[in-house]
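Listed below are the residues making up each chain.
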Amino acid sequence: MKPQGADALRLPLLETARAMTAAGLNVGTAGNASVRLGDELQADGLLITPSGLAAERCTVQDMVLLRADGSFDGALAPSSEWQLHRDIYAAFPEAGAILHAHAPFATALACQRGDIPPFHYMIARFGGSTIRCARYATFGTQALSDAAVAALQGRRACLLANHGMVVHGRDLDHALALAIEFETLCAQYWRTCQLGAPVLLSDEEMAEVIERFRWYGKPKPAPP
């Protein structure tokens with residue numbers, strides 16, 4: 001029996017995958033996206049884009065229902081990065097959707113294998129004073145999944161060395177917005193590095209920004 005809500009999420013997942021291409025985050029069959037189907041990953045599983053098929057060629061029914069043990073429903077195999085998605089959901093209960101992309105600027109920086117430092121205060125949008133670069137591992141392997149989970153501790157995004165980016169959000173819309181914002185930051189960092197080493201914000205300055213982000217975008221609390 002399929003988890004309740006799976007069919008309702010097929011179209012939003014497909015639209016998100018197509019929006020990634022439209023935003024220039026992916027080209028062709030690169031990248032993938034998924035959405036969690038319930039609070040209990042073991043019981044509910046996830047919905048993920050298929051392997052080796054460009055989003056523009058996919059249909060709603062091509063979205064793959066994947067269980068935590070790696071078994072799946074449908075004629076198409078899940079993305080080769082299904083372990084990456086499954087393990088991020090398992091490690092971060094707040095993650096409701098995950099996007100992986102080979103976005104141009106994020107990938108260029110990932111090939112340098114360095115963290116993105118606090119050159120801009122919006123780095124804090126992703127949970128800390130830096131955005132880490134996960135160590136290199138072959139695509140579709142448990143080693144890559146383990147490296148990404150380690151780099152995402154306390155973060156909503158990371159680079160994957162010589163590969164691309166991965167982002168998780170509370171839902172598909174949130175994850176897409178974060179992925180686009182992350183690629184924008186990567187482009188800004190790449191450009192400022194062309195002018196020389198950027199002036200970085202201090203630990204104290206970033207701590208103040210991180211504290212402000214605790215209520216950024218949230219409803220204003222009612223007065224006592």
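Above this text sits the structure in question.
Treat the numbers as computed from the prediction; the structure is a model and nothing was measured.

**Describing the overall build of the chain**
For step 1, the next point in the chain: Counting secondary structure elements, the chain contains seven helices and eight strands.
For step 2, the next point in the chain: For the chain, whose C-alpha radius of gyration is 18 Å, the value lies close to the compact-globule estimate of 17 Å for 224 residues.
For step 3, the next point in the chain: For the chain, the C-alpha atoms occupy an extent of roughly 55 × 50 × 30 Å along the three principal directions.
For step 4, the next point in the chain: Of all intrachain contacts in the chain linking residues separated by at least 6 positions in sequence, the fraction that spans at least 24 positions is 66%.
For step 5, the next point in the chain: For the chain, the computed accessible surface area is about 11,100 Å², with 54% contributed by carbon and sulfur atoms.

**Concerning a negative patch on the surface**
For step 1, the next point in the chain: Together, Asp203, Glu204, Glu205 and Glu208 make up a negatively charged patch on the protein surface.
For step 2, the next point in the chain: Within the secondary structure, Glu208 sits in helix 7 (residues 203-212).

**Digging into the packing of helix 3 (residues 82-91) against helix 5 (residues 142-151)**
For step 1, the next point in the chain: Following both chains from N to C, one finds helix 3 and helix 5 inclined at 35 degrees, their axes separated by 9 Å at the closest point. The way helix 3 lies across helix 5 gives a crossing that is right-handed. Two secondary-structure elements touch here, helix 3 through Gln83, Leu84, Arg86, Asp87, Ile88 and Ala91 and helix 5 through Gln142, Leu144, Ser145, Ala148 and Val149.
For step 2, the next point in the chain: Here the contact of helix 3 with helix 5 is composed, by residue class, of six nonpolar, three polar and two charged.

**Notes on the sheet that holds strand 3 (residues 64-66)**
For step 1, the next point in the chain: Strand order in the open sheet formed by eight strands is 4-3-2-1-5-8-7-6, with mixed pairing between adjacent strands. Among the strands making up the open sheet, the edge pair consists of strand 4 (72-73) and strand 6 (133-134).
For step 2, the next point in the chain: Inspection of the sheet shows strand 6 paired to strand 7 (residues 157-160) by two bridges, in the parallel sense. Paired with Cys133 across the two strands is Leu159, which belongs to strand 7.
For step 3, the next point in the chain: Contacts from helix 6 (residues 172-193) reach strand 1 (32-36), strand 5 (97-101), strand 7 and strand 8 (164-169) within the one sheet, and its direction differs from that of strand 8 by about 140 degrees.

**Quick word on the layout of surface pockets**
For step 1, the next point in the chain: Of the voids in this model, the second largest pocket is the one considered here, and its volume is about 310 Å³.
For step 2, the next point in the chain: Forming the boundary of the second largest pocket are 27 residues, of which Thr29, Ala30, Gly31, Asn32 and Pro50 lie nearest the centre.
For step 3, the next point in the chain: Put simply, the parts of the chain that give the lining of the second largest pocket at least two residues each are helix 1 (6-22) and strand 1.
For step 4, the next point in the chain: Taken together, the residues of the lining of the second largest pocket sort by class into twelve nonpolar, 14 polar and one charged.

**Remarks on the packing of aromatic side chains**
For step 1, the next point in the chain: Evaluation of the coordinates by the stated rule reveals three aromatic pairs.
For step 2, the next point in the chain: Judged by centre distance (5.6 Å) and plane angle (65 degrees), the ring pair of Phe105 and Trp190 falls under edge-to-face. In this pair, Phe105 sits in helix 4 (residues 104-110) while Trp190 sits in helix 6, placing the two residues 85 residues apart along the sequence.
For step 3, the next point in the chain: The partly exposed category is assigned to Phe105, whose relative accessible area is 22%.

Definitions and limits used
- Residues numbered from 1 in each chain as written.
- Predicted model: local features only at pLDDT ≥ 70, side-chain atom pairs only at ≥ 80, totals over all residues.
- Heavy atoms only, no water.
- Helix = DSSP H or I, 4+ residues; strand = E, 2+ residues; numbered from the N terminus.
- Rg over C-alpha atoms; globule rule 2.2 N^0.38 Å.
- Contact = heavy atoms within 4.5 Å.
- Areas by Shrake-Rupley, 256 points an atom, 1.4 Å probe, with all protein chains shown as cover.
- Patch = residues over 30% accessible without salt bridge, like charges linked within 9 Å, V, L, I, M, F, W, Y side chains within 5 Å.
- Salt bridge = Lys/Arg side-chain N within 4 Å of Asp/Glu carboxyl O.
- Lys, Arg positive; Asp, Glu negative; His and termini not counted.
- Charge placed at Lys NZ, Arg CZ, Asp CG, Glu CD.
- Axes fitted to C-alpha atoms, helices over the stretch in contact; angles between N-to-C directions.
- Left-handed = near helix turned anticlockwise from the far one by under 90°.
- Nonpolar A, V, L, I, M, F, W, Y, C, P; charged D, E, K, R; others polar.
- Pairing = 2+ DSSP bridges.
- 1 Å grid on protein atoms, 1.4 Å probe; cavity = no way out; pocket = protein on both sides within 12 Å on 5 of 7 lines; lining within 4 Å.
- Points joined across faces, edges and corners; volume = space filled by probe spheres on them.
- Phe/Tyr/Trp six-rings, centres within 6.5 Å; stacked < 30°, edge-to-face > 60°.
- Buried < 20%, exposed > 50% of the residue type's maximum accessible area, 1.4 Å probe, protein only.

In short, geometric facts, not functional conclusions.
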